[in-house]
Amino acid sequence: MIIGVPREVKNNEHRVALTPSNVAVYTNAGHKVLVEKNAGLESGFRDEDYIKVGAIMVSGPKEAWDVDMVIKVKEPIPSEYEFFKEGLILYTYLHLAPEPTLTKALLDNKVIAIAYETIQLENGTLPLLTPMSEVAGRMSVQIGAQFLEKSKGGKGVLLGGVPGVSPGEVVIIGGGVVGTNAAKMALGLGASVTILDVSAERLRQLDDQFHGQLKTIISNPLNVRNAVKRADLLIGAVLVPGARAPKIVTDDMVKDMQTGSVIVDVAIDQGGSIETIDYITTHAEPTYVRHGVVHYAVANMPGAVSQTSTIALTNVTTQFGLDLANKGYEKAALENPGLAKGINCINGKVTLEAVADAHGYTYTNIYEEMEENQYEKTL
Ligand SMILES: NC(=O)C1=CN([C@@H]2O[C@H](COP(=O)(O)OP(=O)(O)OC[C@H]3O[C@@H](n4cnc5c(N)ncnc54)[C@H](O)[C@@H]3O)[C@@H](O)[C@H]2O)C=CC1
Ligand SMILES: CC(=O)C(=O)O
């Protein structure tokens, strides 16, 4: 198979989809890998490092996209849609539920769209989302701490407090991977931490894991309202896999927060969980103020710590990617139901129910569609 790795073009996205050691895995298996010039530079990998392991460097995105499978980090932005073509396998983060235009472009061009974030193991975990959620969860606290400083628009609170002064209040909504990692960092700084989740079982696990060092509260509108009101730093960390994030914090609740408090909505990549966050911000302009509260809504937070993130991401994407390259997407998906859950679109049809629901498309079962394909091929 011929594989392409374009340079990432989203605002301040410094990650790359394959490191030189990942490229070696593909070239050793007999695949040809085209890497766009300088694609790895901002993650610490030079073109020479790629050439040494057999990659072919190409000068622009057109060549990197003119392949059988494109491996990327972030969802394509509109300037990249022109490279879509029928039968192209696109293996990357996609977050289609809040992205109607991208979804339509993938369907119109009959791209086989495989989303890292919906590949799901039998135990319900999302192995290709987890490492970036670990990164973003940890970052959310260091970013929040920074924007709580007066010169950054915050109220002037030190999360850890000092002897004689109470620590800052960190409220985290969603106690999964992002929430747990945010809690670790916030507790490490000495903050007072509360986590809300809809799953009582998850709260039980968190209580055990943190030995009662944090407060756990079941997530319902009244509990959310009370917790949000006293938050210095509010972190949005909910997920319903594949679906648009539920809006949990209303405009009214944000109005009740103290001036200079900070919201970091990590769930913005799935559309955001806070009503007052109505647009995605960028690393270049990460915040805006609404009702006196600083809002941060960057959808590619890990892109800022690209050396750590690229390695953490590619540690988990390469095995599934190699399976796709070795077997083709149909055989790979038939043999691995977890990978099949990653396929959001094929042949102009939506094969992930949450995405079909989000945009009003008819949902097509992936296995039935693949069977139909096989039937058509034998005719
Ligand atoms: N902005 C960025 O750069 C990044 C964003 N993310 C996003 O962060 C979000 C969270 O990801 P993970 O922690 O990995 O997901 P996860 O699945 O590990 O955890 C989500 C948690 O949310 C809880 N939840 C669902 N509905 C809820 C509700 N109504 N109230 C309270 N809790 C609720 C679930 O029970 C679960 O414990 C996702 O949207 C993910 O894509 C992840 C990495 C980077
Ligand atoms: C998860 C995701 O969208 C990111 O790491 O950018």
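Quick caveat: nothing in here was measured; it's all calculated off a predicted structure. Counting starts from 1 at the beginning of each chain's written sequence and moves along it residue by residue. Chain A is the first chain written and ligand 1 is the first ligand written, with later ones labelled in order. Under the rules for a predicted model, residues below a pLDDT of 70 receive no local features and side-chain atom pairs below 80 are neither given nor counted, while totals for whole chains, interfaces and linings still include all residues. Hydrogens and water are ignored here; the side-chain numbers use all heavy atoms of the structure.

(A) Representation of the site of ligand 1 in the model. Nearness here has a simple test: a residue counts as near a molecule or strand if at least one of its heavy atoms is within 4 Å of that partner. Around ligand 1, a shell composed of 27 residues is seen, among which S133, V178, D197, D269 and M301 lie nearest. We define a polar contact as two N or O atoms separated by no more than 3.5 Å, with the added condition that, inside protein, one atom must be a possible hydrogen donor and the other a possible acceptor, whereas residues neighbouring each other in sequence contribute only through side-chain atom pairs. D197 is positioned with one of its side-chain polar atoms (N or O) 2.6 Å from an oxygen atom of ligand 1. In the model, a nitrogen atom of ligand 1 is placed 3.0 Å from a nitrogen or oxygen of the V266 main chain. The accessible surface values rely on the Shrake-Rupley method and a 1.4 Å probe; as for residues, cover is taken only from the protein chains in view. In isolation ligand 1 has 870 Å² of accessible area, and contact with the protein removes 88% of it. Cavities and pockets are defined on a 1 Å grid built over the protein atoms alone: a cavity is a set of grid points where a 1.4 Å probe fits but cannot escape, while a pocket is an open set with protein on both sides within 12 Å along at least five of seven lines, and lining residues are those with an atom within 4 Å of any such point. Molecules are considered to sit inside a cavity or pocket once more than half of their atoms lie within 2 Å of its grid points. Judged by the proximity of its atoms to the pocket grid, ligand 1 belongs to the largest pocket. Numbering of helices and strands starts at the N terminus; helices are DSSP runs of H or I of at least 4 residues and strands are runs of E of at least 2. For the shell around ligand 1, the elements supplying multiple residues, two or more each, are α5 (130-147) and α6 (177-189). Here the shell around ligand 1 gets three residues from one element, more than from any other, and that element is α5.

(B) Here's a closer look at the sheet that holds strand β6 (residues 112-115). Whether two strands pair depends on DSSP finding at least two bridges between them. Spatial strand order, β3-β2-β1-β4-β5-β6-β14-β15: eight strands in an open sheet with mixed pairing. Of all strands in the sheet, those bounded by a partner on one side alone are β3 (56-58) and β15 (349-350). The sheet contact formed by strand β2 (residues 32-36) and β3 spans three bridges and is parallel. Among the inter-strand pairings, E36 is bridged to a residue of β3, identified as V58. Working rule for contacts: check all heavy atoms of both residues, and any pair within 4.5 Å makes them a contact. A fitted line through C-alpha atoms represents every axis, and for helices the fit uses only the stretch in contact; the resulting angles, taken between N-to-C directions, go from 0 to 180 degrees. Sheet contacts for helix α10 (residues 306-335): β1 (2-5), β4 (69-71), β5 (89-92), β6 and β14 (343-346); angle to β5, the most-contacted strand, approximately 150 degrees.

(C) Examining the environment of G4 more closely. Locating G4 in the fold gives a position in strand β1. Along the chain, G4 and D197 lie 193 residues apart, while their C-alpha atoms are 40 Å from each other. When neighbours within four sequence positions are excluded, G4 is seen to be in contact with L34, A64, V67, M69, V70 and I71.

(D) Layout of the layout of surface pockets. Grid points are joined across faces, edges and corners, and a volume is the space filled by probe spheres set on the points. By volume, the largest pocket amounts to about 980 Å³. Looking at the lining of the largest pocket, the elements that each hand over two or more residues are α5, α6, β8 (192-197) and α8 (221-229). Counting residues per element, the lining of the largest pocket draws most heavily on α5, at five residues. The residue inventory of the lining of the largest pocket, partitioned by class, reads 25 nonpolar, 14 polar and six charged. Taken as a whole, the second largest pocket spans an internal volume of roughly 170 Å³. Contributing to the lining of the second largest pocket are 15 residues, with P98, I268, D269, G271 and I280 lying nearest its centre. Gly falls in the polar group here, along with every residue not listed as nonpolar (Ala, Val, Leu, Ile, Met, Phe, Trp, Tyr, Cys, Pro) or charged (Asp, Glu, Lys, Arg). Tallied by class, residues from the lining of the second largest pocket come to six nonpolar, two polar and seven charged. Domain extents, as shown, originate in an automatic or database domain assignment. Looking at the lining of the second largest pocket, you find at least three residues from each of domain 1 (2-110 + 305-378) and domain 2 (130-299).

(E) Geometry of the pairing of strand β10 (residues 233-236). Only protein chains enter the calculation, and the probe is 1.4 Å; a residue is then buried if its accessible area is under 20% of its type maximum, exposed if over 50%, and partly exposed in between. Here β10 shows no split at all, with L233 and I235 on one side and L234 and G236 on the other all buried. Examined bridge by bridge, strand β7 (residues 169-173) and β10 share four bridges and lie parallel to one another. Opposite V171, over in β10, you have L234 as the bridge partner. Bridge count for β10 against strand β11 (residues 262-265) is four bridges, and the pairing is parallel. Paired with L233 across the strands is V262, a residue of β11.

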